[in-house]
Amino acid sequence: MATGQSPTQTQPPRENRVHFPDDQVLQHDSKIVLERGLLDDELNVHLGFLQINHCYEVKFEIEDSLGEAVTWDSSKATCAVMLAAKPSSGAEGRRGHKLVLHFQSPKEKLITEEITLVNSKKDKQLTLLLHARILGNDKGTPVLREGIHCIKKNDPDDPTGQRSEFVRSDSITFE
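Residues numbered from 1 in each chain as written. Predicted model: local features only at pLDDT ≥ 70, side-chain atom pairs only at ≥ 80, totals over all residues. Heavy atoms only, no water.

Asker: Can you lay out the nonpolar core for me, pointing to particular residues and giving the numbers?
Answerer: Within soluble globular proteins, side chains that are nonpolar tend to cluster in buried spots. Of all hydrophobic cores here, the largest spans 29 residues; its most connected members are Leu47, Val58, Phe60, Phe103, Leu128 and Leu130. Every element with two or more residues in this core is listed here: β2 (42-51), β3 (54-63), β5 (80-89), β6 (95-104), β7 (110-119) and β8 (125-135). Top contributing element to this core by residue count: β8, with five residues. (Core = buried A, V, L, I, M, F, W, Y, C linked by side-chain atoms within 4.5 Å. Buried < 20%, exposed > 50% of the residue type's maximum accessible area, 1.4 Å probe, protein only. Helix = DSSP H or I, 4+ residues; strand = E, 2+ residues; numbered from the N terminus.)

Structure follows, in C-alpha cells:
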C-alpha cells in the first residue's frame, strides 16, 4: 500500500449517519404548520417534505369564522383536491373545520397550491395556501408530518405521460 499501512491495519469505521444538534431536534415539529398569511383571509399550510410521484391524504384542523357549512374552490390547484370539510370546535370554544384533501406530487420542486373555502352566505372566505417541498427519488425518503399519509405511489413510467387521477375515498373518517 502506498500509505505504508499493512492490509491488516484498519482505520476506525466512519459513521455514515447525519446527526443534528440537540437544539435543532427539539425545534423539529412533526405537525402540519399553520400560520396566518399577509392578508386576513389567508392561511399558510406547510406540509413539509413529500416524495415525487406519490399521492397523499392530508388531514388537519383549522380555526375560522366561516360558520358550519362551507364550500370550496380548488380550481386554481393542480396538485391538491379538497375532499371534505367538517365543522369542529376546539379549545376554549373556538370554531373551525377539520379538512381532508388529496395531494399529488408530480414534480421535484417547491409547490404552492391554493384552495378557497367559502361560507354558505358567500360573504366570508378563507384561502388556504398549501406549501410542500417535493423531493426527487434520489433525495431520500421524507418523514411525513402528523395527518399526512401516503395512499398511492404513481408510476413515473406511465406510457401516457400523464399523472394518475386522484384517488377518492368513499368514506372519510375524521380523527
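Asker: Would you mind going over the pairing of β8 in detail, with residue names and values included?
Answerer: Most of β8 sits out of view: nine of its eleven residues are buried. Across nine bridges, the pairing between β2 and β8 is parallel. Bridged to His46 within β8 is His131. With nine bridges connecting them, β7 and β8 associate as antiparallel partners. Bridge assignment links Ile115 to a residue of β8, and that residue is Leu128. As consecutive antiparallel partners, β7 and β8 are separated by five residues, and within that stretch Lys122 has a phi angle of approximately 60°, a positive value. (Pairing = 2+ DSSP bridges.)

Asker: Requested: an account of the side chain of Ser105, with residues and values cited.
Answerer: Mapping Ser105 onto the fold places it in the loop between β6 and β7. When its relative accessible area of 1% is taken as the criterion, Ser105 is described as buried.

Asker: Requested: an account of the pattern of salt bridges, with residues and values cited.
Answerer: Under the criterion given, the structure shown has four salt bridges. For Lys139, the salt bridge goes to Glu108, with nearest N and O atoms at 4.0 Å. Highlighted residues: Lys139 in the loop between β8 and β9 (148-153) and Glu108 in the loop between β6 and β7, separated in sequence by 31 residues. Look at Glu108 and you get partly exposed, because its relative accessible area is 43%. Here Asp138 makes a salt bridge to Lys139, at a shortest N to O gap of 4.0 Å. Judged by its relative accessible area of 49%, Lys139 falls in the partly exposed class. (Salt bridge = Lys/Arg side-chain N within 4 Å of Asp/Glu carboxyl O.)

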